[in-house]
Amino acid sequence: MQAQYQPLTAYIEYPVDEMCTKAATFRAHMQRRRSVRSFADRPVPRSIIEDVILTAGTAPCGANQQPWHFCAISSPAMKQRIRSAAEVEEQTFYSGRAPTEWLHALAPLGTNASKPFLDIAPWLIVCFAESYQLKEDGTKGKNYYVTESVGIAVGMLISAIHSAGLATLTHTPSPMGFLSDICGRGDNERAFLLLPVGYPAADCQVPVITKKPLDQIATFFDD
Ligand code: IYR
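Below is a summary of the structure that appears in this document.

### Section: the site of the ligand
Around the ligand sit Glu90, Phe93, Tyr94, Trp102, Leu106, Leu109, Thr111, Asn112, Lys115, His171 and Thr172, and those are all the residues in its vicinity. In the model, an oxygen atom of the ligand is placed 2.5 Å from a nitrogen or oxygen of the Tyr94 side chain. At the level of elements, α3 (76-97) and α4 (100-106) are the ones that each hand at least two residues to the shell around the ligand. Along the lines of polarity and charge, the residues of the shell around the ligand split into 5 nonpolar, 4 polar and 2 charged.

### Observations concerning the pattern of salt bridges
A full pass over the atoms with the stated rule returns 5 salt bridges. Note that Glu87 and Arg83 form a salt bridge whose closest N and O atoms lie 3.1 Å from each other. Highlighted residues: Glu87 and Arg83, both in helix α3, separated by 4 residues, approximately one helical turn. In this structure, the salt-bridge partner of Asp119 is Arg83, at a minimum N-O distance of 3.2 Å. In this pair, Asp119 sits in helix α5 (residues 117-120) while Arg83 sits in helix α3, placing the two residues 36 residues apart along the sequence. Here Asp119 falls in the partly exposed class, since its relative accessible area comes to 22%.

### Some details on the nonpolar core
Residues Phe70, Ile125, Cys127, Leu157, Ile161, Leu195 and Val197 are the most contacted members of the largest nonpolar core, which totals 25 residues. Counting 21 residues, the second largest nonpolar core, distinct from the first, contains Ala86, Leu118, Val126 and Leu169.

### Here we look at the sheet that holds strand β6 (residues 189-198)
The strand order β1-β2-β6-β5 describes an open sheet built from 4 strands, whose pairing is antiparallel. Two strands bound the open sheet, and with one partner strand each, they are β1 (68-73) and β5 (167-168). Pairing of strand β2 (residues 123-130) with β6, which is carried by 8 bridges, proceeds in the antiparallel orientation. Along β6, the bridge assignment pairs Cys127 with Leu193. Packing against the sheet, α3 makes contact with β1, β2 and β6, and its axis sits at approximately 110° to β1.

Here is what the cut-offs are and how they apply
- Residues numbered from 1 in each chain as written.
- Predicted model: local features only at pLDDT ≥ 70, side-chain atom pairs only at ≥ 80, totals over all residues.
- Heavy atoms only, no water.
- Near = heavy atom within 4 Å.
- Polar contact = N/O pair within 3.5 Å; in protein donor to acceptor, adjacent residues only side chain to side chain.
- Helix = DSSP H or I, 4+ residues; strand = E, 2+ residues; numbered from the N terminus.
- Nonpolar A, V, L, I, M, F, W, Y, C, P; charged D, E, K, R; others polar.
- Salt bridge = Lys/Arg side-chain N within 4 Å of Asp/Glu carboxyl O.
- Buried < 20%, exposed > 50% of the residue type's maximum accessible area, 1.4 Å probe, protein only.
- Core = buried A, V, L, I, M, F, W, Y, C linked by side-chain atoms within 4.5 Å.
- Pairing = 2+ DSSP bridges.
- Contact = heavy atoms within 4.5 Å.
- Axes fitted to C-alpha atoms, helices over the stretch in contact; angles between N-to-C directions.

What follows is the structure, encoded as structure tokens:
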């Protein structure tokens, strides 16, 4: 297929001082984001969930293949099924499957096998990665940079949720095969991440953690 180009009309250039303010303001905004494990059961309008998913769908990705699918669940019965199945997996994880070193790394977060947020949060967004395409004639097509692409999309999804004023958690029950069954997704997709979305509970507590400073996460070569 021949490439087709059009002018970049959507780009907006800001004066440098305004760029500096924007970058710093956005940083401060993102630094207020916390992973939340304790949600209120207050409802969240579906249109917000549609918008944050559409934001994720703008993510850059390998060959523009958009190898993702998002299942947005507010059905109480489905949330209950997901919670029950996740807690079965988590029980085995915390009581034997997880190596001691892993449990040691999780200790500062205080997590355990109980996952009430899975049926209390008003929405669950289950993110699937399309490992390969399944064409109409039944043949398979290759997708490129699937993990990178879906990782970027989910990062944008989390930012969009935070920006809307809601809280979420990157939840990874492992293994996640039960999510494909409950959501009815095909063999060419694998569950990537589960995000409960909603308001934090009024008495929500978060672990005391710090993020690495700039000199530990970046090296500049600019002299
Ligand atoms: N899936 C488990 C364990 C867990 C693993 C990591 I890495 C975390 O950052 C947090 C939890 C759970 O959800 O409890």
